[in-house]
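Observations on chain architecture
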Amino acid sequence: MSIKHHIIPIFVPHIGCPHDCIFCNQRKIAQSKANIDDESIRNTIDSYLSTIPITNEKLEIAFFGGSFTGIDLDSQRKLLEIAYHYKKIGLIDRIRLSTRPDYIDNIRLDLLKKYDVDIIELGVQSMCSDVLQNSYRGHTDIDVINASKLIKEYGFTLGLQMMVGLPGSNYEKEIFTAKQLINLKPSIVRIYPTLVIKETYLEKKYSIGDYVPLTLDESVDICIDLLMLFNYNNINVIRIGLQPTDNIAENKDIVAGPFHPAFRQLVEGQIYREYLKMFFESNQKIGNTIQISINQKEISNLVGQSSSNLKYLKEKHGVDRVKIDGKDISKKSFFIVNNEINIEMKIKELIKRYLTKKGLVTMD
Ligand code: SF4
């Protein structure tokens, strides 16, 4: 059983980042010297700790925003000392931070090691030079490869983040990026469809018709293939789609693009649709009632957004009664009972079949 993690987020807003990525709206307040208010950071951590119920969940301090290792070393040290104190006295289990690939070197990693940081996430966004240039990222694919290798050599957990739908990208380039990331053997990945956010260069390009964002359907379709590829390679995708916040919402800072508050569920629901399609490819004679036994946490994905998968079963295959039996079983399989025959649907095999059909992996 996987252990849940409770995250205590500490925002380091845009300190340490002199860059102007096309999709980022924070460049106006860039500064490299952090103005760290130790007391308010400690207060934030203490107040989280006082409200988190004592369970066997792991607790984690995560530095979000900006590029952590781009901050001057003294300020990094100050921030790390705070987090390390809580780890040393056993109140938290892990320290996580995110940064840019070109801000990783021995000096910075020595410091992070000294303060017992656990997870380093790199904003990669793309492994295609033209897409990186179009997005004004200011780093190369080689920076990503070197930084990832060094992070792993130091024994940190490596996380990689990619975006889909950046200017000049396309389906082939997203798949290429995912395969390059897989080669770097990260433990975790995040996938973000590109959104047009207010006060960004991308907004300007969008307003003059120079950038067309992906539609929701297009981005879901791409993310299905990416998630299948990462899952097939046993890489844990911990997020798909930006987390909705007060400002990340329609009619707020999002001008255009494939935003959905439950983006991941759309993707996972469509993946179950693909699994059901595969079931009908090999099982033609189906009555109008089936029973499905599945891990209880997967039920909403099986059913799909607005029960779309149940509607699919009815409209396409005449199944008008689906009895879903949520159980405490592994997520590695689900079972379809049809005419008294219990058919095991092994997720790994289904993923392989899907990716093979799409030409994304080859049959051994
Ligand atoms: S590197 Fe990160 S923080 Fe800096 S401009 Fe780009 S997206 Fe924004």
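Residues numbered from 1 in each chain as written. Predicted model: local features only at pLDDT ≥ 70, side-chain atom pairs only at ≥ 80, totals over all residues.

Points about the overall build of the protein
Each helix and strand counted, the protein has 12 helices and 13 strands in total. What you see for the protein is a C-alpha radius of gyration of 22 Å, in line with the 21 Å of a compact globule of 364 residues. Expressed as a percentage of the 364 residues in the protein, the buried residues total 34%. For the protein, the proportion of contacts with a sequence separation of at least 24, taken over those separated by at least 6, is 78%. (Helix = DSSP H or I, 4+ residues; strand = E, 2+ residues; numbered from the N terminus. Rg over C-alpha atoms; globule rule 2.2 N^0.38 Å. Buried ≥ 20, exposed ≤ 12 C-beta atoms within 10 Å, placed from the backbone. Contact = placed C-beta atoms within 7 Å.)

A closer look at the nonpolar core
Membership of the largest hydrophobic core comes to 79 residues, with the highest contact counts inside it found for Ile120, Ile191, Cys223, Leu226, Leu227 and Val267. For this core, the element with the highest residue contribution is helix α8 (residues 216-232), accounting for nine residues. The residues contacting Leu227, other than those within four sequence positions of it, are Val237, Ile240, Val267 and Ile271. (Core = buried A, V, L, I, M, F, W, Y, C linked by C-beta atoms within 7 Å.)

Here's the deal with the site of the ligand
Around the ligand, the surrounding shell holds 12 residues, and the nearest of these are Cys17, His19, Cys21, Cys24 and Arg100. For the shell around the ligand, the residue count by class is three nonpolar, six polar and three charged. (Near = placed C-beta within 6 Å. Nonpolar A, V, L, I, M, F, W, Y, C, P; charged D, E, K, R; others polar.)

Regarding the domain arrangement of the protein
Segmenting the protein into domains produces domain 1 (5-261) and domain 2 (271-357). Here the C-alpha centre of domain 2 lies 34 Å away from the C-alpha centre of domain 1. When its residues are assigned to classes, the side of domain 1 that touches domain 2 shows five nonpolar, one polar and no charged. (Domains from an automatic or database assignment.)

Describing helix α6 (residues 171-183)
For α6, built from 13 residues, the straight-helix expectation of 18 Å at 1.5 Å per residue is met to within 8% by its first-to-last C-alpha distance of 19 Å. For α6, the elements touching its buried residues are β4 (119-125), β5 (157-164), β6 (188-193) and α8. Phi turns positive one or two residues past the end of α6, at Lys185, with a value near 55 degrees. (Expected span 1.5 Å × (residues − 1).)

A closer look at the environment of Leu112
Its place among the elements puts Leu112 in helix α3 (residues 106-114). On a C-alpha basis, the gap between Leu112 and Leu158 in space is 13 Å, while along the polypeptide they are 46 residues apart. Once residues within four sequence positions are removed from consideration, Leu112 is found in contact with Val117 and Ile120.

Some words on the sheet that holds strand β10 (residues 289-295)
Spatially, the four strands line up as an open sheet ordered β11-β10-β12-β13, and their pairing is mixed. On the outer flanks of this sheet lie β11 (321-327) and β13 (341-346), each paired with one strand and no other. Between one strand axis and the next, the sheet turns by 20 degrees as a mean value, whatever way the strands run. Examined bridge by bridge, β10 and β11 share seven bridges and lie parallel to one another. Among the inter-strand pairings, Asn295 is bridged to a residue of β11, identified as Lys327. Packing against the sheet, helix α12 (residues 347-357) makes contact with β12 (333-338) and β13, and its axis sits at approximately 65 degrees to β13. (Pairing = 2+ DSSP bridges. Axes fitted to C-alpha atoms, helices over the stretch in contact; angles between N-to-C directions.)

Here's the deal with the environment of Pro258
As for its position among the elements, Pro258 is in the loop between β9 (254-256) and α9 (263-282). Taking C-alpha positions, Pro258 is 10.0 Å from Tyr192, a pair spaced 66 residues apart along the chain. Setting aside residues no more than four positions away along its own chain, Pro258 makes contact with Pro193, Pro213, Leu214, Thr215, Leu216 and Ser219.

Quick notes on the sheet that holds strand β2 (residues 58-64)
Hydrogen bonding along the main chain pairs the strands of a sheet, whether they run parallel or antiparallel. Strands sit in the order β1-β2-β3-β4-β5-β6-β8 across an open sheet of seven strands; the sheet is parallel. With one partner strand each, in any of the chains shown, β1 (5-11) and β8 (236-240) form the two edges of the open sheet. Neighbour-to-neighbour, the strand axes of the sheet open up by a mean angle of 25 degrees, direction not taken into account.

As for the environment of Ser50
Within the element layout of this structure, Ser50 appears in helix α1 (residues 38-51). When the C-alpha atoms of Ser50 and Arg353 are compared, they prove to be 48 Å apart, with 303 residues separating the residues in sequence.

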